[in-house]
Amino acid sequence: MTLAPLLAAPAIMQLHALAALISLAAGLTILVMRKGTARHRLVGWVFVVAMAVTALSSAFITSNGHFSAIHLLSILTIVSLPRAIILRRRGDIAGHRATMLWLFAGLVIAGAFTLMPGRLMNKVTFGQAAAASR
């Protein structure tokens, strides 16, 4: 593992990766913690803000100036985050839970795609040599 490729990447990609990692950590934390507590709400807001930053920053990350299918997840995230908040405020806990779980699943799926050969996070996770040999 080496952070060199990420540190050499444009600032928007660094912001995107950091926000995604914060989202992942907050999401995993929420999955194991007691629900409905002040701590749950705090970590939940960290998740929401980090997911919003992740989704919005992806709009500035393209491949040769083109968006990819993964950008559809970003659009879905921008729509789903306020929906999850509204559902909670209306007292629809089941709807809130389902929406947040789908958002987390989308994050994990998108993250898995970043590990494909040739992608930045593949180089970070497996090193330059491993990525170059594929």
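Thresholds applied
Residues numbered from 1 in each chain as written. Predicted model: local features only at pLDDT ≥ 70, side-chain atom pairs only at ≥ 80, totals over all residues. Heavy atoms only, no water. Axes fitted to C-alpha atoms, helices over the stretch in contact; angles between N-to-C directions. Helix = DSSP H or I, 4+ residues; strand = E, 2+ residues; numbered from the N terminus. Parallel < 35°, antiparallel > 145°, perpendicular 65-115°, else oblique. Left-handed = near helix turned anticlockwise from the far one by under 90°. Contact = heavy atoms within 4.5 Å. Buried < 20%, exposed > 50% of the residue type's maximum accessible area, 1.4 Å probe, protein only.

Novice: I'd like a rundown of the packing of helix 4 (residues 71–89) against helix 5 (residues 93–113), residues and numbers included.
Specialist: Direction vectors running N to C along helix 4 and helix 5 enclose 155°, while the axes themselves pass 8 Å from each other. When the interaxial angle is binned, helix 4 and helix 5 end up roughly antiparallel. Judged by the twist between their axes, the crossing of helix 4 over helix 5 is left-handed. Along the contact surface, helix 4 presents L73, T77, S80, L81, R83, A84, L87 and R88, while helix 5 presents I93, G95, H96, T99, M100, L103, G106 and A110.

Novice: An account of the side chain of S23 is requested, with residue identities and associated values reported.
Specialist: Looking at where S23 falls in the secondary structure, it is placed in helix 2 (residues 11–32). For S23, a relative accessible area of 0% puts it in the buried group. If we skip the residues at most four places from it in the chain, S23 touches F47, A50, M51, T54 and L107.

Honestly, that's just the spatial picture; any functional story needs more than this.
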